[in-house]
Amino acid sequence: MIVGPVEIVVLGFEDDADLIEIEQELTRLRDSEVIRLVDAMLVRHKEHGVIETRQLSDLAPDEAMAFGAAVGALIGLGVGGEAGMEAGAVWGMQELADGHLFDDSDSWAIAERVPEGRAAVVALLEHRWRTPVREAVRRAGGNLLAAGWVREEHLIALGGLAALPEGDG
């Protein structure tokens, strides 16, 4: 199984936020094969310590196990070289055997960090659009030297630096 670049995203909201539009956008991107939602967990920390959770995933159980095996094999490779790959693959398959990366203990760990009256979404997204580009780069003998996200606040800060009078920066 070829796994595209994977990103973890953590988003915060007021507890009563309507997240339907976000789910619709994720569905649109999934249907266009731009992303795949490996796993996502919504945690709402209600008043008086009440916790509500909901999980979403695009992976069928067999895909989840294959994904787990691929990720586990890479982790195993890093831990023990080629000999560690097999053990890592088995571990990864077991971790995702239920079809989800995030489990009940994760929901409680997330809820402990989400203030009462707030909600959080933790999503693991596979950027499927990058896989063909990555493979073409590899075939051409290239490799990724650096990557990162340019966020709005980075551009605002850059604009602030550009607005400084000469000699003040």
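The coordinates are above.
Residues numbered from 1 in each chain as written. Predicted model: local features only at pLDDT ≥ 70, side-chain atom pairs only at ≥ 80, totals over all residues. Heavy atoms only, no water.

With that settled, consider the pattern of salt bridges. The full count for this structure, using the stated rule, is 12 salt bridges. The partner of Arg 118 in a salt bridge is Glu 14, and the shortest N-O contact between them spans 2.6 Å. Here Arg 118 is found in strand β4 (residues 118-127), whereas its partner Glu 14 is found in strand β1 (residues 6-14), with 104 residues between them in sequence. By relative accessible area, Glu 14 is classed as partly exposed at 46%. One salt bridge in this structure joins Glu 63 and Arg 36, with 3.7 Å as the shortest N-O distance. On the criterion of sequence distance, the pair formed by Glu 63 in helix α2 (residues 61-95) and Arg 36 in strand β2 (residues 35-45) is long-range, its members being 27 residues apart. Residue Glu 63 is classed as partly exposed on the basis of its relative accessible area, which comes to 29%. Under the relative-accessibility criterion, Arg 36 is labelled buried at 6%. Overlapping salt bridges, with partners in common, bring together Asp 15, Arg 44 and Lys 46 in one network. (Salt bridge = Lys/Arg side-chain N within 4 Å of Asp/Glu carboxyl O. Helix = DSSP H or I, 4+ residues; strand = E, 2+ residues; numbered from the N terminus. Buried < 20%, exposed > 50% of the residue type's maximum accessible area, 1.4 Å probe, protein only.)

Turning our eyes to something else, we now look at unusual backbone geometry. Not every positive phi belongs to a glycine, and Glu 33 is a case in point at roughly 60 degrees. On the secondary structure map, Glu 33 appears in the loop between α1 (20-31) and β2. Classification of Glu 33 as exposed rests on a relative accessible area of 54%. The backbone of His 48 shows a phi angle near 60 degrees, a positive value even though the residue is not glycine. Within the secondary structure, His 48 sits in the loop between β2 and β3 (51-56).

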